[in-house]
Amino acid sequence: GNEEISPLTGVNARHDVVLAMANQTSATVEEQLRRRNLDAAVPLDAQQPQAIQERDGEDAKMPAKATFSSLWSTPILRNHLIVYWMEAFCLVALDEAIPLFLLARESGLALSAKAIGVVLSASSGLYCVSQYFVYCELVDWLGIYGSIK
């Protein structure tokens with residue numbers, strides 16, 4: 001009844017949406033379609049955030065406007081932020097420690113500034129090339145969406 005023909009594929013638009021959602025999300029297709037239909041039914045005006053919150057229990061749990069305290073009060077998000085900050089700290093510390101180790105005369109490699117630049121440039125190039133091949137294998141194994149989850 002309410003189906004449109006997609007100009008790109010020549011099949012109905014609902015079929016395209018179902019296939020795209022099935023490939024990109026772990027939620028059920030019916031749930032995604034229900035939400036999509038509810039989003040289309042809600043007018044784009046000042047009442048939209050309130051209407052979205054009231055439409056079902058899951059959305060009502062999230063505050064209308066995200067603040068740091070609202071994000072921090074969600075345990076799983078707080079844990080993800082802590083792990084991300086710890087990883088960022090370790091990476092920055094490592095990025096700062098490697099040149100110091102390469103430069104140090106005692107208990108280091110005592111390299112010149114030029115040699116340190118060559119070592120860091122070569123390792124960066126090797127890292128980029130190896131990351132390309134690892135990511136290609138990961139995409140082949142898990143698919144594009146699965147590789148970024």
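For the structure, check the block above.
Thresholds applied
- Residues numbered from 1 in each chain as written.
- Predicted model: local features only at pLDDT ≥ 70, side-chain atom pairs only at ≥ 80, totals over all residues.
- Heavy atoms only, no water.
- Helix = DSSP H or I, 4+ residues; strand = E, 2+ residues; numbered from the N terminus.
- Buried < 20%, exposed > 50% of the residue type's maximum accessible area, 1.4 Å probe, protein only.
- Contact = heavy atoms within 4.5 Å.
- Areas by Shrake-Rupley, 256 points an atom, 1.4 Å probe, with all protein chains shown as cover.
- Phe/Tyr/Trp six-rings, centres within 6.5 Å; stacked < 30°, edge-to-face > 60°.
- Axes fitted to C-alpha atoms, helices over the stretch in contact; angles between N-to-C directions.
- Parallel < 35°, antiparallel > 145°, perpendicular 65-115°, else oblique.
- Left-handed = near helix turned anticlockwise from the far one by under 90°.
- Polar contact = N/O pair within 3.5 Å; in protein donor to acceptor, adjacent residues only side chain to side chain.
- Expected span 1.5 Å × (residues − 1).
- Patch = residues over 30% accessible without salt bridge, like charges linked within 9 Å, V, L, I, M, F, W, Y side chains within 5 Å.
- Salt bridge = Lys/Arg side-chain N within 4 Å of Asp/Glu carboxyl O.

1. A closer look at the overall build of the chain
Phase 1 of the analysis: Of regular secondary structure, the chain possesses eight helices and zero strands.
Phase 2 of the analysis: Each helix and strand of the chain, placed in order from N terminus to C terminus, yields the pattern α-α-α-α-α-α-α-α.
Phase 3 of the analysis: The 149 residues of the chain split such that 9% are buried.
Phase 4 of the analysis: Partitioning the contacts of the chain with sequence separation of at least 6, the portion at a separation of at least 24 is 8%.
Phase 5 of the analysis: Surface accessibility of the chain: about 12000 Å² in total, with carbon and sulfur atoms responsible for 64%.

2. Thoughts on the packing of aromatic side chains
Phase 1 of the analysis: Scanning the model with the defined rule gives three aromatic pairs in all.
Phase 2 of the analysis: Ring centres of Phe68 and Trp72 lie 5.7 Å apart, and the angle between their planes is 15°; on these two criteria the pair is classed as stacked. Taken together, the residues Phe68 and Trp72, both in helix H5 (residues 68-72) and four residues apart, mark about one turn of the helix.
Phase 3 of the analysis: For Phe68, a relative accessible area of 53% translates into the label exposed.
Phase 4 of the analysis: The class for Trp72 is partly exposed, based on a relative accessible area of 30%.
Phase 5 of the analysis: Among the aromatic residues, those joined into a ring-pair cluster are Phe68, Trp72 and Trp85.

3. Describing unusual backbone geometry
Phase 1 of the analysis: In the Ramachandran plot, Ser107 falls in the positive-phi region, its phi being about 55° despite a non-glycine side chain.
Phase 2 of the analysis: With respect to the element layout, Ser107 can be found in the loop between helix H6 (75-103) and helix H7 (113-142).
Phase 3 of the analysis: One non-glycine residue, Ala110, adopts positive backbone phi at about 55°.
Phase 4 of the analysis: Residue class for Ala110 comes out partly exposed when judged on its relative accessible area of 33%.

4. Points about the packing of H6 against H7
Phase 1 of the analysis: Relative to each other, H6 and H7 sit at 140°, their axes nearing to 10 Å. By the criterion of interaxial angle, the relationship of H6 to H7 is oblique. The way H6 lies across H7 gives a crossing that is right-handed. Here Ile98, Pro99, Leu102 and Leu103 of H6 come into contact with H7, specifically with Ile116, Val119 and Leu120.

5. Structural notes on the side chain of Ser70
Phase 1 of the analysis: Of note, Ser70 is situated in helix H5.
Phase 2 of the analysis: Given a relative accessible area of 16%, Ser70 falls into the buried group.
Phase 3 of the analysis: Among the polar contacts listed, one links the side chain of Ser70 to the backbone nitrogen of Thr67, at a separation of 2.8 Å.

6. Thoughts on H7
Phase 1 of the analysis: Its 30 residues place the ends of H7 42 Å apart at the C-alpha level, agreeing with the 44 Å of an ideal helix rising 1.5 Å per residue.
Phase 2 of the analysis: Phi turns positive, to about 90°, at Gly143, one or two residues after H7.

7. Considerations on a nonpolar patch on the surface
Phase 1 of the analysis: Together, Phe68, Ile82, Tyr84, Trp85 and Met86 make up a nonpolar patch on the protein surface, roughly 550 Å² of accessible area in all.
Phase 2 of the analysis: Among the elements that take part in the nonpolar patch, H6 stands out by supplying four residues, more than any other.

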